[in-house]
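Topology and contacts: notes
Chain residues, written in single-letter form:
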Amino acid sequence: MGLIKTAAKVAVASSVHGRVQRRQQARRAEQDSAPQQATAPTTAHAVMLTQLAQLGELKSAGVITDAELQAKKAQILAL
């Protein structure tokens, strides 16, 4: 009798495990197919940071003045 109970428990556990896996796969597929709204602001943010870093490098190299740096920085941050 113990062997039958063990086999039944294994069958139930296997069934539950399979259902959980299928549900997780369906959720992942749903998330992958959903439009990524955070990509555009993140990309714009990255571009802004790159531009500000380049301005800092130009200021450090003496190519632009502090006033030019401030004016360009205000222009970039206004976008």
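Because the structure is a prediction, the values reported are computed rather than measured. (Residues numbered from 1 in each chain as written. Predicted model: local features only at pLDDT ≥ 70, side-chain atom pairs only at ≥ 80, totals over all residues. Heavy atoms only, no water.)

Attention now moves to the overall build of the protein chain. In terms of regular secondary structure, the protein chain is built from three helices and zero strands. When the helices and strands of the protein chain are placed in sequence order, the string is α-α-α. Looking at the 79 residues of the protein chain, the share that counts as buried comes to 6%. For the protein chain, the computed accessible surface area is about 6,700 Å², with 60% contributed by carbon and sulfur atoms. (Helix = DSSP H or I, 4+ residues; strand = E, 2+ residues; numbered from the N terminus. Buried < 20%, exposed > 50% of the residue type's maximum accessible area, 1.4 Å probe, protein only. Areas by Shrake-Rupley, 256 points an atom, 1.4 Å probe, with all protein chains shown as cover.)

What follows is about a nonpolar patch on the surface. On the surface, Val 12, Val 16 and Val 20 cluster together to form a nonpolar patch covering roughly 210 Å² of accessible area. When you line up the elements, Val 12 lands in helix α1 (residues 2–33). On the basis of relative accessible area, Val 12 is assigned to the exposed category, the value being 52%. (Patch = residues over 30% accessible without salt bridge, like charges linked within 9 Å, V, L, I, M, F, W, Y side chains within 5 Å. Salt bridge = Lys/Arg side-chain N within 4 Å of Asp/Glu carboxyl O.)

Quick look at a positive patch on the surface now. A cluster of basic residues, Arg 19, Arg 22, Arg 23 and Arg 27, forms a positive patch on the protein surface. Checked against the element boundaries, Arg 27 lands in helix α1. (Lys, Arg positive; Asp, Glu negative; His and termini not counted. Charge placed at Lys NZ, Arg CZ, Asp CG, Glu CD.)

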